[in-house]
Amino acid sequence: MWIEGCSGGIRPNNNYGYIVVNEMDMKAPLTPHAANETAKLHTVVLGLPDSPGATPSLEEAYDATSYRSVELGIYPQEADIKREMDALLSVLERYQVEVLRPTFIPNYNQIFARDVAFTIEDRFFVANMIEDRMREVEAFRPIFDRIAPGHLVEMPKEAHAEGGDVLLYNDYLFIGTCREDEFDRYKTARTNRAGIEFFKKQFPDKKVIPLHLRKHDTDPTQSILHLDCTFQPVAEGKAVVYPGGFAVEEEYQLIERIFGRENLFVVTQEEAMSLSTNLFSLSPRAIISEEHFERLNHHLATEWNMVVEAIPYHEISKEGGLLRCSTCPIVRD
(Lines give C-alpha, C1' and ligand atoms only; values in the text may rest on other atoms or scores of the structure.)
Protein backbone atom coordinates (compact mmCIF):
# COMPACT_ATOMS: atom_id res chain seq x y z
CA MET A 1 0.00 0.00 0.00
CA TRP A 2 1.33 3.43 -0.95
CA ILE A 3 0.56 7.01 -0.04
CA GLU A 4 0.90 9.40 -2.92
CA GLY A 5 2.12 12.84 -2.08
CA CYS A 6 4.58 11.94 0.67
CA SER A 7 8.16 13.04 0.95
CA GLY A 8 11.27 12.25 2.95
CA GLY A 9 12.63 9.09 1.30
CA ILE A 10 11.61 5.56 2.25
CA ARG A 11 10.15 5.13 5.72
CA PRO A 12 8.30 1.99 6.89
CA ASN A 13 5.42 2.43 9.29
CA ASN A 14 5.03 -0.72 11.35
CA ASN A 15 1.65 0.17 12.82
CA TYR A 16 -0.27 0.94 9.63
CA GLY A 17 1.57 -0.80 6.82
CA TYR A 18 2.27 2.35 4.83
CA ILE A 19 5.50 2.68 2.91
CA VAL A 20 6.13 6.38 2.45
CA VAL A 21 8.04 7.21 -0.73
CA ASN A 22 8.98 10.33 -2.61
CA GLU A 23 6.86 9.42 -5.65
CA MET A 24 5.36 12.87 -6.10
CA ASP A 25 8.47 14.31 -7.76
CA MET A 26 8.17 11.70 -10.52
CA LYS A 27 4.62 12.73 -11.39
CA ALA A 28 3.74 15.31 -14.04
CA PRO A 29 2.61 18.72 -12.76
CA LEU A 30 -1.13 19.12 -12.23
CA THR A 31 -3.03 22.06 -13.68
CA PRO A 32 -6.14 22.48 -11.48
CA HIS A 33 -9.54 22.85 -13.05
CA ALA A 34 -13.05 22.93 -11.56
CA ALA A 35 -15.89 25.22 -12.61
CA ASN A 36 -18.69 23.44 -10.76
CA GLU A 37 -19.41 20.64 -8.30
CA THR A 38 -20.61 18.04 -10.80
CA ALA A 39 -18.36 17.80 -13.89
CA LYS A 40 -16.56 14.49 -14.45
CA LEU A 41 -13.91 13.98 -11.78
CA HIS A 42 -10.33 13.14 -12.77
CA THR A 43 -8.04 13.90 -9.79
CA VAL A 44 -8.93 14.21 -6.11
CA VAL A 45 -7.23 14.34 -2.72
CA LEU A 46 -8.81 11.93 -0.25
CA GLY A 47 -8.21 12.31 3.47
CA LEU A 48 -6.60 9.61 5.61
CA PRO A 49 -8.46 7.39 8.11
CA ASP A 50 -5.55 5.88 10.04
CA SER A 51 -4.37 6.94 13.47
CA PRO A 52 -6.82 9.84 13.90
CA GLY A 53 -5.82 10.31 17.54
CA ALA A 54 -7.74 9.92 20.77
CA THR A 55 -11.32 11.02 21.25
CA PRO A 56 -11.16 14.77 21.97
CA SER A 57 -12.38 16.32 25.18
CA LEU A 58 -15.39 18.63 25.01
CA GLU A 59 -13.00 21.59 25.16
CA GLU A 60 -10.96 20.20 22.25
CA ALA A 61 -13.95 19.65 19.93
CA TYR A 62 -13.95 22.29 17.19
CA ASP A 63 -17.45 21.81 15.78
CA ALA A 64 -20.89 21.34 17.32
CA THR A 65 -21.48 17.84 15.94
CA SER A 66 -18.20 16.53 17.34
CA TYR A 67 -19.03 18.22 20.65
CA ARG A 68 -22.37 16.39 20.80
CA SER A 69 -20.76 13.06 19.80
CA VAL A 70 -18.19 13.36 22.60
CA GLU A 71 -20.90 14.38 25.05
CA LEU A 72 -23.02 11.33 24.15
CA GLY A 73 -20.08 8.91 24.05
CA ILE A 74 -20.60 8.03 20.37
CA TYR A 75 -17.48 9.58 18.82
CA PRO A 76 -16.32 7.25 15.98
CA GLN A 77 -13.54 4.71 16.42
CA GLU A 78 -10.58 4.26 14.08
CA ALA A 79 -11.72 0.89 12.72
CA ASP A 80 -15.09 2.32 11.68
CA ILE A 81 -13.48 5.38 10.10
CA LYS A 82 -11.11 3.19 8.08
CA ARG A 83 -13.89 0.88 6.94
CA GLU A 84 -15.98 3.80 5.68
CA MET A 85 -13.13 5.67 3.99
CA ASP A 86 -12.02 2.46 2.29
CA ALA A 87 -15.53 2.14 0.86
CA LEU A 88 -15.24 5.67 -0.54
CA LEU A 89 -11.79 4.92 -1.98
CA SER A 90 -13.18 1.79 -3.65
CA VAL A 91 -15.83 3.82 -5.51
CA LEU A 92 -13.28 6.41 -6.64
CA GLU A 93 -10.99 3.68 -7.96
CA ARG A 94 -13.86 1.98 -9.75
CA TYR A 95 -14.56 5.25 -11.58
CA GLN A 96 -10.84 5.43 -12.48
CA VAL A 97 -10.22 8.65 -10.54
CA GLU A 98 -6.62 9.52 -9.70
CA VAL A 99 -6.51 9.58 -5.89
CA LEU A 100 -3.82 11.49 -3.99
CA ARG A 101 -3.34 11.29 -0.22
CA PRO A 102 -1.75 13.75 2.22
CA THR A 103 1.40 12.88 4.15
CA PHE A 104 0.54 10.54 7.02
CA ILE A 105 0.76 12.08 10.52
CA PRO A 106 0.36 9.58 13.39
CA ASN A 107 -2.24 10.36 16.07
CA TYR A 108 -3.77 13.22 14.10
CA ASN A 109 -7.16 13.68 12.42
CA GLN A 110 -6.71 13.92 8.62
CA ILE A 111 -10.16 12.87 7.44
CA PHE A 112 -11.49 16.12 6.01
CA ALA A 113 -9.26 17.09 3.08
CA ARG A 114 -11.75 19.55 1.58
CA ASP A 115 -11.06 22.34 4.05
CA VAL A 116 -7.28 22.37 3.64
CA ALA A 117 -7.32 23.45 0.00
CA PHE A 118 -9.79 23.83 -2.85
CA THR A 119 -9.93 24.42 -6.60
CA ILE A 120 -11.73 27.31 -8.26
CA GLU A 121 -11.33 27.42 -12.05
CA ASP A 122 -7.59 26.94 -12.70
CA ARG A 123 -6.33 27.88 -9.24
CA PHE A 124 -5.67 25.74 -6.18
CA PHE A 125 -6.16 27.78 -2.99
CA VAL A 126 -4.45 27.04 0.32
CA ALA A 127 -6.84 27.79 3.19
CA ASN A 128 -5.99 29.68 6.36
CA MET A 129 -7.02 26.96 8.80
CA ILE A 130 -7.93 27.35 12.46
CA GLU A 131 -4.96 26.70 14.75
CA ASP A 132 -6.29 23.26 15.76
CA ARG A 133 -5.86 22.04 12.16
CA MET A 134 -2.68 23.74 10.92
CA ARG A 135 -0.69 20.49 10.69
CA GLU A 136 -3.12 19.33 8.00
CA VAL A 137 -1.83 22.10 5.76
CA GLU A 138 1.76 20.91 6.17
CA ALA A 139 0.64 17.37 5.23
CA PHE A 140 -0.50 18.78 1.87
CA ARG A 141 2.89 20.33 1.01
CA PRO A 142 4.00 17.56 -1.40
CA ILE A 143 0.63 17.87 -3.18
CA PHE A 144 1.10 21.64 -3.40
CA ASP A 145 4.52 20.98 -4.94
CA ARG A 146 2.86 19.05 -7.75
CA ILE A 147 0.56 21.94 -8.75
CA ALA A 148 1.72 23.58 -11.98
CA PRO A 149 3.64 26.86 -11.51
CA GLY A 150 1.37 29.89 -11.27
CA HIS A 151 -1.70 27.87 -10.26
CA LEU A 152 -1.17 27.63 -6.47
CA VAL A 153 -2.50 30.54 -4.40
CA GLU A 154 -1.96 31.00 -0.66
CA MET A 155 -4.66 33.18 0.85
CA PRO A 156 -3.48 36.35 2.63
CA LYS A 157 -3.32 36.09 6.41
CA GLU A 158 -6.38 38.26 7.05
CA ALA A 159 -8.59 36.37 4.56
CA HIS A 160 -10.16 33.20 5.95
CA ALA A 161 -12.09 30.55 4.02
CA GLU A 162 -12.24 26.76 4.21
CA GLY A 163 -13.19 24.52 1.29
CA GLY A 164 -16.48 23.43 2.84
CA ASP A 165 -17.71 27.01 2.58
CA VAL A 166 -16.87 27.36 -1.13
CA LEU A 167 -19.38 25.98 -3.67
CA LEU A 168 -18.92 26.28 -7.43
CA TYR A 169 -21.80 26.69 -9.85
CA ASN A 170 -20.33 27.91 -13.14
CA ASP A 171 -20.77 31.72 -13.13
CA TYR A 172 -21.80 31.64 -9.46
CA LEU A 173 -19.45 31.31 -6.51
CA PHE A 174 -21.43 30.62 -3.32
CA ILE A 175 -19.50 31.27 -0.10
CA GLY A 176 -20.71 30.37 3.39
CA THR A 177 -19.95 32.97 6.03
CA CYS A 178 -21.24 34.54 9.25
CA ARG A 179 -21.78 37.96 10.77
CA GLU A 180 -18.48 39.72 11.32
CA ASP A 181 -19.04 39.91 15.09
CA GLU A 182 -19.43 36.10 15.17
CA PHE A 183 -16.15 35.26 13.45
CA ASP A 184 -13.99 35.58 16.57
CA ARG A 185 -16.76 34.34 18.83
CA TYR A 186 -17.36 30.84 17.43
CA LYS A 187 -14.96 28.04 16.48
CA THR A 188 -17.51 27.04 13.87
CA ALA A 189 -17.05 30.40 12.08
CA ARG A 190 -14.44 29.64 9.39
CA THR A 191 -14.94 32.18 6.58
CA ASN A 192 -14.86 35.93 7.10
CA ARG A 193 -15.66 39.06 5.12
CA ALA A 194 -12.03 39.52 4.10
CA GLY A 195 -12.14 36.06 2.56
CA ILE A 196 -15.19 36.98 0.51
CA GLU A 197 -13.60 40.22 -0.67
CA PHE A 198 -10.48 38.27 -1.64
CA PHE A 199 -12.49 36.00 -3.94
CA LYS A 200 -14.36 38.93 -5.46
CA LYS A 201 -11.00 40.34 -6.53
CA GLN A 202 -9.74 36.96 -7.73
CA PHE A 203 -12.84 36.33 -9.86
CA PRO A 204 -14.29 39.68 -10.95
CA ASP A 205 -16.40 38.04 -13.67
CA LYS A 206 -18.17 35.66 -11.27
CA LYS A 207 -21.25 36.36 -9.21
CA VAL A 208 -19.81 35.93 -5.70
CA ILE A 209 -22.71 35.31 -3.31
CA PRO A 210 -22.12 35.31 0.47
CA LEU A 211 -24.57 33.11 2.39
CA HIS A 212 -24.73 33.69 6.14
CA LEU A 213 -25.00 30.50 8.19
CA ARG A 214 -26.29 29.86 11.69
CA LYS A 215 -23.42 29.36 14.14
CA HIS A 216 -23.06 27.67 17.52
CA ASP A 217 -20.14 25.73 19.00
CA THR A 218 -21.96 23.12 21.06
CA ASP A 219 -25.52 22.68 19.73
CA PRO A 220 -25.68 21.05 16.25
CA THR A 221 -29.38 21.90 15.92
CA GLN A 222 -28.38 25.58 15.94
CA SER A 223 -25.14 25.40 13.95
CA ILE A 224 -23.96 24.92 10.36
CA LEU A 225 -20.22 24.33 10.22
CA HIS A 226 -19.80 24.89 6.46
CA LEU A 227 -22.04 25.81 3.55
CA ASP A 228 -21.96 22.25 2.18
CA CYS A 229 -23.64 21.15 5.42
CA THR A 230 -26.81 22.98 4.37
CA PHE A 231 -26.69 23.37 0.57
CA GLN A 232 -25.08 21.72 -2.46
CA PRO A 233 -25.63 21.61 -6.23
CA VAL A 234 -25.80 17.95 -7.26
CA ALA A 235 -26.71 18.10 -10.96
CA GLU A 236 -27.15 20.73 -13.63
CA GLY A 237 -29.79 23.11 -12.31
CA LYS A 238 -30.58 21.00 -9.24
CA ALA A 239 -29.51 21.15 -5.60
CA VAL A 240 -30.07 19.69 -2.13
CA VAL A 241 -30.77 22.26 0.57
CA TYR A 242 -31.72 22.71 4.22
CA PRO A 243 -33.48 26.10 4.54
CA GLY A 244 -33.09 26.18 8.33
CA GLY A 245 -29.32 26.48 8.04
CA PHE A 246 -29.41 30.03 6.69
CA ALA A 247 -29.29 32.95 9.10
CA VAL A 248 -30.89 35.29 6.53
CA GLU A 249 -34.18 34.19 4.95
CA GLU A 250 -33.67 36.39 1.87
CA GLU A 251 -30.45 34.52 1.05
CA TYR A 252 -32.27 31.20 0.96
CA GLN A 253 -34.90 32.81 -1.26
CA LEU A 254 -32.10 33.83 -3.63
CA ILE A 255 -31.16 30.15 -3.98
CA GLU A 256 -34.79 29.38 -4.81
CA ARG A 257 -34.73 32.03 -7.54
CA ILE A 258 -31.46 30.80 -9.03
CA PHE A 259 -32.40 27.10 -9.12
CA GLY A 260 -36.19 27.23 -9.08
CA ARG A 261 -38.12 25.76 -6.18
CA GLU A 262 -39.06 22.70 -8.25
CA ASN A 263 -35.34 21.87 -8.71
CA LEU A 264 -34.53 21.82 -4.98
CA PHE A 265 -34.67 18.75 -2.76
CA VAL A 266 -35.42 20.13 0.71
CA VAL A 267 -34.12 18.09 3.65
CA THR A 268 -35.53 18.10 7.17
CA GLN A 269 -33.61 19.21 10.25
CA GLU A 270 -33.01 15.58 11.22
CA GLU A 271 -31.67 14.82 7.74
CA ALA A 272 -29.50 17.95 7.84
CA MET A 273 -27.99 16.89 11.17
CA SER A 274 -26.97 13.63 9.44
CA LEU A 275 -25.34 15.85 6.76
CA SER A 276 -27.66 14.81 3.93
CA THR A 277 -26.52 17.76 1.81
CA ASN A 278 -22.87 16.67 2.01
CA LEU A 279 -22.65 14.45 -1.08
CA PHE A 280 -19.87 14.05 -3.65
CA SER A 281 -20.33 14.10 -7.43
CA LEU A 282 -18.36 11.84 -9.74
CA SER A 283 -19.96 13.25 -12.89
CA PRO A 284 -23.14 15.12 -13.90
CA ARG A 285 -25.13 11.90 -13.56
CA ALA A 286 -23.25 9.93 -10.85
CA ILE A 287 -22.99 10.82 -7.17
CA ILE A 288 -21.75 9.22 -3.94
CA SER A 289 -24.21 9.32 -1.04
CA GLU A 290 -24.58 7.78 2.41
CA GLU A 291 -26.54 4.53 2.42
CA HIS A 292 -28.93 5.68 5.18
CA PHE A 293 -30.20 8.67 3.14
CA GLU A 294 -33.06 6.58 1.78
CA ARG A 295 -35.51 9.40 0.96
CA LEU A 296 -32.83 11.50 -0.74
CA ASN A 297 -31.23 8.59 -2.60
CA HIS A 298 -34.61 7.46 -3.92
CA HIS A 299 -35.32 10.96 -5.20
CA LEU A 300 -31.91 11.30 -6.85
CA ALA A 301 -32.32 7.96 -8.62
CA THR A 302 -35.98 8.02 -9.60
CA GLU A 303 -36.82 11.71 -10.02
CA TRP A 304 -33.48 13.08 -11.23
CA ASN A 305 -32.31 9.89 -12.99
CA MET A 306 -28.92 9.81 -11.30
CA VAL A 307 -26.63 6.87 -10.54
CA VAL A 308 -26.34 6.81 -6.74
CA GLU A 309 -23.31 5.07 -5.24
CA ALA A 310 -24.57 4.53 -1.68
CA ILE A 311 -21.87 3.65 0.85
CA PRO A 312 -21.59 3.51 4.67
CA TYR A 313 -20.35 6.85 6.05
CA HIS A 314 -22.53 7.36 9.11
CA GLU A 315 -19.77 7.02 11.71
CA ILE A 316 -17.64 9.71 10.08
CA SER A 317 -20.65 12.05 10.07
CA LYS A 318 -20.39 12.11 13.89
CA GLU A 319 -17.31 14.31 13.44
CA GLY A 320 -19.26 17.00 11.59
CA GLY A 321 -18.27 16.10 8.02
CA LEU A 322 -19.26 13.64 5.33
CA LEU A 323 -18.42 12.80 1.72
CA ARG A 324 -17.73 16.25 0.28
CA CYS A 325 -15.68 17.13 3.36
CA SER A 326 -13.41 14.11 2.87
CA THR A 327 -12.59 14.89 -0.76
CA CYS A 328 -10.68 17.73 -2.40
CA PRO A 329 -11.06 17.76 -6.21
CA ILE A 330 -8.11 19.13 -8.17
CA VAL A 331 -9.19 18.31 -11.75
CA ARG A 332 -12.69 18.00 -13.21
CA ASP A 333 -13.76 18.28 -16.86
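Because the structure is a prediction, the values reported are computed rather than measured.

*Asks:* A description of unusual backbone geometry should follow, citing residues and the corresponding values.
*Replies:* When glycine is set aside, most residues are seen to have a negative phi, and most peptide bonds are trans. With a phi angle near 60°, Asn-170 is a residue other than glycine that sits in the positive phi range. Mapped onto the elements of the fold, Asn-170 is located in the loop between β9 (166-169) and β10 (172-177). Exposure remark for Asn-170: the relative accessible area of 26% places this residue in the partly exposed category. Positioned with a positive phi, Leu-275 is a non-glycine residue whose angle comes to about 70°. Relative to the helices and strands, Leu-275 is located in the loop between α8 (269-273) and β15 (280-281). On the accessibility criterion, Leu-275 (5% relative accessible area) is buried.

*Asks:* Tell me about the nonpolar core, residues and numbers included.
*Replies:* Leu-92, Phe-174, Phe-231, Phe-246 and Ile-288 are the most contacted members of the largest nonpolar core, which totals 57 residues. Tallying contributions element by element places helix α2 (residues 78-94) first for this core, with 7 residues. If we skip the residues at most four places from it in the chain, Phe-231 touches Leu-167, Phe-174, Leu-211, Ala-239, Val-240, Val-241, Phe-246, Ile-255, Phe-259 and Thr-277. Counting 35 residues, the second-largest nonpolar core is a separate cluster that includes Val-45, Ala-117, Ile-147 and Met-155.

*Asks:* Tell me about the pattern of salt bridges, residues and numbers included.
*Replies:* For the structure on display, the rule yields 23 salt bridges. A salt bridge links Asp-228 to Arg-324; the nearest nitrogen and oxygen atoms lie 2.7 Å apart. Here Arg-324 lies in helix α11 (residues 323-326) and Asp-228 lies in the loop between β11 (207-212) and β12 (231-235), a separation of 96 residues in the sequence. Given a relative accessible area of 0%, Arg-324 falls into the buried group. Among the ionic contacts, a cluster of salt bridges with common partners joins Glu-37, Asp-228 and Arg-324.

Cut-offs applied
- Residues numbered from 1 in each chain as written.
- Predicted model: local features only at pLDDT ≥ 70, side-chain atom pairs only at ≥ 80, totals over all residues.
- Heavy atoms only, no water.
- Helix = DSSP H or I, 4+ residues; strand = E, 2+ residues; numbered from the N terminus.
- Buried < 20%, exposed > 50% of the residue type's maximum accessible area, 1.4 Å probe, protein only.
- Core = buried A, V, L, I, M, F, W, Y, C linked by side-chain atoms within 4.5 Å.
- Contact = heavy atoms within 4.5 Å.
- Salt bridge = Lys/Arg side-chain N within 4 Å of Asp/Glu carboxyl O.

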